[in-house]
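Chain by chain, the residues:
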Amino acid sequence: MNNIKNNINILKEKIQNLFTNKTELKKFKIVAASKNQSVEKIQMAILCGIYEFGENYVQEGINKIKKLKKNNKIIWHFIGKLQSRKTKLVAQNFDWCQTIDREKIAILLNKYRTNQKPPINVLIQVNISEETNKNGVSIKNYQKLAITVSNMPNLKFRGIMAMPKKEQKRIKYCDYQNIKNIFNILKNKYKSVDTLSLGTSFDIKTAIMYNSNMIRIGKSIFNN
Ligand SMILES: *Cc1c(COP(=O)(O)O)cnc(C)c1O
């Protein structure tokens, strides 16, 4: 448990050192990727000032949301591959869905988000490495999906999420440049777009270099 505290302090310091602009630093968000982590570990992270958590598996996420529902400061992100038959549960339980990759998912999330809750924050996941086996909408089709998402009253279109591939331990900078361009295009077109969810434990520095303002961190927080 002490490791989590140490890890978070190291992570925060690293991020502070990467920003010269203090207003940008204030807007920057860390989402702890808490798949397979216990409620106790999540509580430890909360004590260290982390309030946003990303879950990959719907039922595992909902179990944790229920156990921690007394803490209304927590913001829950769904960051896993989303099957259409699970969209209702995501719409009813999460604050964000970062993995919209097709129209059907957008339509169902919108349908199942109840009016008692604010619109669910959503990101379009872009398949930046253009691999057939990777999740996300292709670079060719993201604009069309953005039009659909932005027209849904129960969805708040916040931006994009991407997971660039590391090839033989080398970072592919062109993928990051492409993502940055796509984010800028959408930001100029849609007023609600303000979030670029890019960067995991291995590429925090590169992601921030290319304008990421939200990272999803698992290993660097929860592993020793
Ligand atoms: C697990 C996961 C992360 C975190 O990756 P780490 O390498 O553990 O930091 C980020 N994004 C998604 C979608 C994940 O599934």
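See above for the structure.
Below, the structure is looked at part by part. (Residues numbered from 1 in each chain as written. Predicted model: local features only at pLDDT ≥ 70, side-chain atom pairs only at ≥ 80, totals over all residues. Heavy atoms only, no water.)

Remarks on helix H6 (residues 103-112)
Here is step 1 of the chain: Every buried residue belonging to H6 is among Ile 105, Ala 106, Leu 108, Leu 109 and Asn 110, and all of these are buried.
Here is step 2 of the chain: Packing partners of the buried residues in H6 comprise helix H5 (87-93), strand S4 (96-100), strand S5 (120-126), helix H7 (142-150) and strand S6 (155-162). (Buried < 20%, exposed > 50% of the residue type's maximum accessible area, 1.4 Å probe, protein only. Helix = DSSP H or I, 4+ residues; strand = E, 2+ residues; numbered from the N terminus. Contact = heavy atoms within 4.5 Å.)

A look at the site of the ligand
Here is step 1 of the chain: The immediate surroundings of the ligand are formed by Ala 33, Lys 35, Asn 56, Ile 79, Met 163, Thr 200, Ser 201, Arg 216, Ile 217, Gly 218 and Lys 219.
Here is step 2 of the chain: The contact in question runs from an oxygen atom of the ligand to an N or O atom on the side chain of Ser 201, over 2.5 Å.
Here is step 3 of the chain: For the ligand, the protein covers 86% of the area, taking 380 Å² as the surface of the free molecule.
Here is step 4 of the chain: Assessed atom by atom at 2 Å from the grid points, the ligand resides in the largest pocket.
Here is step 5 of the chain: Taken together, the residues that form the shell around the ligand break down as four nonpolar, four polar and three charged. (Near = heavy atom within 4 Å. Polar contact = N/O pair within 3.5 Å; in protein donor to acceptor, adjacent residues only side chain to side chain. Areas by Shrake-Rupley, 256 points an atom, 1.4 Å probe, with all protein chains shown as cover. 1 Å grid on protein atoms, 1.4 Å probe; cavity = no way out; pocket = protein on both sides within 12 Å on 5 of 7 lines; lining within 4 Å. Sits in = over half its atoms within 2 Å of the grid points. Nonpolar A, V, L, I, M, F, W, Y, C, P; charged D, E, K, R; others polar.)

Brief notes about the pairing of S5
Taken residue by residue, a regular strand's side chains alternate between the two faces of the sheet.
Here is step 1 of the chain: In terms of burial, S5 is largely enclosed, as seven of its seven residues are buried.
Here is step 2 of the chain: Side chains of S5 alternate between two faces, with Ile 120, Val 122, Ile 124 and Val 126 and Asn 121, Leu 123 and Gln 125 buried alike.
Here is step 3 of the chain: Taken together, S4, H6 and S5 constitute a β-α-β crossover, and its handedness is right-handed.
Here is step 4 of the chain: One ladder, built from seven bridges, connects S5 with S6; its direction is parallel. The residue of S6 that forms the bridge with Val 126 is Ala 162. (Right-handed = clockwise from strand over helix to strand, strands pointing away. Pairing = 2+ DSSP bridges.)

Describing the packing of aromatic side chains
Each aromatic ring pair is characterised by the separation of its centres together with the angle its planes make.
Here is step 1 of the chain: Considering all chains together, one arrives at six aromatic pairs under this definition.
Here is step 2 of the chain: Here the aromatic rings of Phe 78 and Phe 94 are separated by 5.5 Å at their centres, their planes lie at 80 degrees, and the arrangement is edge-to-face. A residue pair is termed long-range when its members are at least 10 positions apart, and Phe 78 in strand S3 (residues 75-78) and Phe 94 in the loop between H5 and S4 qualify at 16 residues.
Here is step 3 of the chain: In this structure Phe 78 comes out as buried when scored by relative accessible area, which is 0%.
Here is step 4 of the chain: Residue classification places Phe 94 among the buried residues on the basis of a relative accessible area of 0%. (Phe/Tyr/Trp six-rings, centres within 6.5 Å; stacked < 30°, edge-to-face > 60°.)

Let's talk about the pattern of salt bridges
Here is step 1 of the chain: For the coordinates displayed, the defined rule picks out six salt bridges.
Here is step 2 of the chain: A salt bridge links Asp 101 to Arg 102, with the nearest nitrogen and oxygen atoms 2.9 Å apart.
Here is step 3 of the chain: A salt bridge links Lys 172 to Asp 175, with the shortest nitrogen-to-oxygen separation between them at 3.8 Å. (Salt bridge = Lys/Arg side-chain N within 4 Å of Asp/Glu carboxyl O.)

Regarding unusual backbone geometry
Here is step 1 of the chain: In this structure, Asn 36 takes a positive phi of about 65 degrees despite not being glycine.
Here is step 2 of the chain: Residue placement: Asn 36 occurs in the loop between strand S1 (29-33) and helix H3 (39-47).
Here is step 3 of the chain: Judged by its relative accessible area of 59%, Asn 36 is exposed.
Here is step 4 of the chain: Its identity as a non-glycine residue notwithstanding, Asn 211 has a phi of 75 degrees, on the positive side.
Here is step 5 of the chain: Topologically, Asn 211 is positioned in the loop between helix H9 (204-209) and strand S10 (214-217).

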